[in-house]
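Examination of the molecular architecture
The residues making up each chain are set out below.
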Amino acid sequence: MTKKQFRGLIDNLANVCNFNTTNSYSLSLEETQFEEYYHANLLVFTMNPRGVFCSSDVALLLSLATAWNVQVYFETINGVTVAKYL
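Residues numbered from 1 in each chain as written. Predicted model: local features only at pLDDT ≥ 70, side-chain atom pairs only at ≥ 80, totals over all residues. Heavy atoms only, no water.

1. Digging into unusual backbone geometry
Backbone geometry places Glu 35, a non-glycine residue, at a positive phi of 50°. Mapped onto the elements of the fold, Glu 35 is located in the loop between strand E1 (25-34) and strand E2 (37-46). Residue classification places Glu 35 among the exposed residues on the basis of a relative accessible area of 66%. With a phi close to 55°, Asn 69 is a non-glycine residue in the positive phi region. (Helix = DSSP H or I, 4+ residues; strand = E, 2+ residues; numbered from the N terminus. Buried < 20%, exposed > 50% of the residue type's maximum accessible area, 1.4 Å probe, protein only.)

2. Some thoughts on helix H2 (residues 55-68)
With 14 residues, H2 extends 20 Å from end C-alpha to end C-alpha; this agrees with the ideal 20 Å at 1.5 Å per step. Along H2, the positions that sit buried rather than exposed are Asp 57, Leu 60, Leu 61, Leu 64 and Ala 65. Burial along H2 is one-sided: seen end-on, the buried residues are contained in an arc of 135°. Turned more than 90 degrees off the buried face of H2, the exposed positions are Ser 55, Thr 66 and Ala 67. Within two residues after H2, Asn 69 carries a phi angle of roughly 55°, on the positive side. (Expected span 1.5 Å × (residues − 1). Arc of directions from axis to C-beta.)

Written out as structure tokens, the structure is:
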């Protein structure tokens, strides 16, 4: 993921998506840069008390991956579903 894609996803999730859905998200950001090397991961956690994304959230997260041309996959960590953008 490029820096532009990373910043764009963060901006969309923090400023746009929370107005379009009833659920809030928690973001975990990992960004590494050294000279020409750049690597970023973005993890999205749902604030839903059950720890799962509803179908409209999944559709939104998938559409963001398509719009920003990045990979996303879903994983369960300690009983909580996480969307990982790479």
